Amino acid sequence: MKRKVIMKLTKKTQLLFVATVLPLLLAGCTVQYNADHQPVGWLYEYLVVPTQWLLNQIASMFNGNYAIAIVIVSVLVRVVLMPTQFHQMKSMLVQQEKMAVLKPYIAEITARAEQAATPQEKLEIQQEQMDLYKLNNVSLMGGLGSGCLPLLITLPIWSGLYNAILLSNEISSSDFMGIALGKEFVPLAIATAALYYIQSLVSQMGMDEETKKQSRSMNYILPVMMFMMTFQSPAGVGIYFFASALIQILQSWIQNTYLRPKIKAQIDEELNHDNVVLPERKTPSKPAQKATQQETFAKRQNKPVGRNAGKQNRK
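Please read all numbers here as calculations on a predicted model, not as lab measurements.

K.L.:
Please provide a residue-by-residue account of the overall build of the protein, values included.
P.N.:
A count of helical and extended segments in the protein gives 12 helices and 6 strands. Burial status across the protein gives 41% buried among its 315 residues. For the protein, the computed accessible surface area is about 17400 Å², with 62% contributed by carbon and sulfur atoms.

K.L.:
Break down a nonpolar patch on the surface for me, with residues and values.
P.N.:
Together, Met205, Leu250, Trp253 and Tyr258 give the surface a local cluster of nonpolar side chains, amounting to about 410 Å² of exposed area. Relative to the helices and strands, Tyr258 resides in helix H10 (residues 235-270).

K.L.:
Go over the nonpolar core, please, and point to the residues and values.
P.N.:
Formed by 37 residues in total, the largest nonpolar core has its most connected members in Leu55, Ile70, Leu161, Tyr240 and Phe241. Contributing elements (two or more residues each) for this core: helix H2 (42-60), helix H3 (66-114), helix H5 (144-166), helix H7 (186-202), helix H9 (218-231) and H10. Discounting chain neighbours no more than four positions away, the residues touching Leu55 are Tyr66, Ala69, Ile70, Val73, Leu161, Ala164 and Ile171. With 19 residues, the next largest nonpolar core counts Val101, Ile106, Ile109 and Ala116 among its residues.

K.L.:
Describe the pattern of salt bridges, listing the residues and the values that go with them.
P.N.:
Considering all chains together, one arrives at 2 salt bridges under this definition. The partner of Arg112 in a salt bridge is Glu108, with the nearest N and O atoms 2.6 Å apart. Of this pair, Arg112 and Glu108 are both found in helix H3, 4 residues apart, which corresponds to roughly one turn of the helix.

K.L.:
Describe the packing of aromatic side chains, and please don't skip the residues or the numbers.
P.N.:
Across all of its chains, the model carries 4 aromatic pairs by this definition. Centroid distance Phe227 to Phe231: 5.8 Å. Interplanar angle 15°. Geometry classified as stacked. Of the two residues, Phe227 and Phe231 both sit in helix H9, 4 residues apart, roughly one turn of that helix. By relative accessible area, which is 26% here, Phe227 ends up partly exposed.

K.L.:
Mind laying out the UniProt feature "transmembrane region" (unreviewed entry) in the protein, listing which residues take part and the relevant values?
P.N.:
Per the UniProt record, "transmembrane region" (unreviewed entry) is annotated on residues 58-81, 138-158, 178-198 and 219-243. With 79% helix and 0% strand, residues 58-81 has its two end C-alpha atoms placed 20 Å apart. Counted over residues 178-198, helix gives 62% and strand 10%. Its end C-alpha atoms are 26 Å apart.

The rules behind each value
In this convention, every chain numbers its residues from 1, walking through the sequence in written order. The model is predicted, so local features are restricted to residues of pLDDT at least 70 and side-chain atom pairs to those at 80 or more, both for listing and for counting; the totals for chains, interfaces and linings are taken over all residues. Derived side-chain values reflect all non-hydrogen atoms in the structure, with water molecules and hydrogen atoms excluded from consideration. What counts as a helix is a DSSP run of H or I of at least four residues, what counts as a strand is a run of E of at least two, and both are numbered from the N terminus. Burial classification: accessible surface area is computed with a 1.4 Å probe over protein chains only, and a residue below 20% of its type maximum counts as buried, one above 50% as exposed, and the rest as partly exposed. Here the Shrake-Rupley method, with its probe set to 1.4 Å, supplies the accessible areas, and only the displayed protein chains count as covering residues. Two distance rules govern patches: like charges are joined within 9 Å, and nonpolar side chains (Val, Leu, Ile, Met, Phe, Trp, Tyr) within 5 Å, applied only to residues with over 30% relative accessible area and no salt bridge. Basic side-chain nitrogens of Lys or Arg form a salt bridge, by our definition, when they fall within 4 Å of a carboxyl oxygen of Asp or Glu. The term nonpolar core refers to a set of buried residues drawn from Ala, Val, Leu, Ile, Met, Phe, Trp, Tyr and Cys, joined through side-chain atoms within 4.5 Å. We call two residues in contact whenever any of their non-hydrogen atoms come within 4.5 Å of each other. Note on ring pairs: Phe, Tyr and Trp rings are taken, using the six-membered ring of Trp, and paired if centres are within 6.5 Å. Classes follow the plane angle, with under 30 degrees stacked, over 60 edge-to-face and the rest tilted. UniProt positions are given in the numbering used here, feature names are shortened, and annotations may be inferred rather than shown by experiment.

In structure tokens, the structure reads:
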């Protein structure tokens, strides 16, 4: 039905963003070099140099340990992004809980649409589903737009860290537990991918099985993408991704352990089966009529639904 179509389009939109826009943005974050092969340009001056300075300052407080400096930077980045990410989480949870309340009404509309005699009647009945979402302030795109924002913000940070490591002999030549920060390290890429897979599972805690099934493909897309990015990056960047994944797991756990129950309780008060606003029922035996007032589930339970139902709503 329409909801499934929109959900599929939403996932395709995310995949399209990852497959096309992301590489273009990363390409735009490439440091330029002059004829003497020296780094130049605004990216180097305003992003790479400050990142190198920050890593040097933090590392100097830990006996020159740049791995700890990178972990601290990843924590700082996540702290800055935390308000935006928690707002995104809350928006998505609100929509999920509202959809759970509306699920039986959607099932009833779907059943009537399947019994429609003509395509026109089917479309009219399916429109009820979209009206139901609108009347109860449910957005099928909830959280999608804000979901791209943290990624867009972290792109220049990734690029700055990547180039800061490669362009600094002091950082790239350092190591942590035998891992050279300036070289690729496959085990770290595998571990990072595994953490992002765990994070996707933790983020689905409390979801119903249908929602989990719809988002199952995304459980593998992000880990694979992060594996490729970590595999092709210096180990220093991989440490950043690894630490970020750990923090995101913690955030997802807090979301589902503390935020979800509170949001569910709030939605139960604001939207329950007694105050769900219902769209006007469209049936094959009756042409669509414009209601003069919307009715709730409780009102409809106390009145007949049939040929004369619309007349009883008129003042």
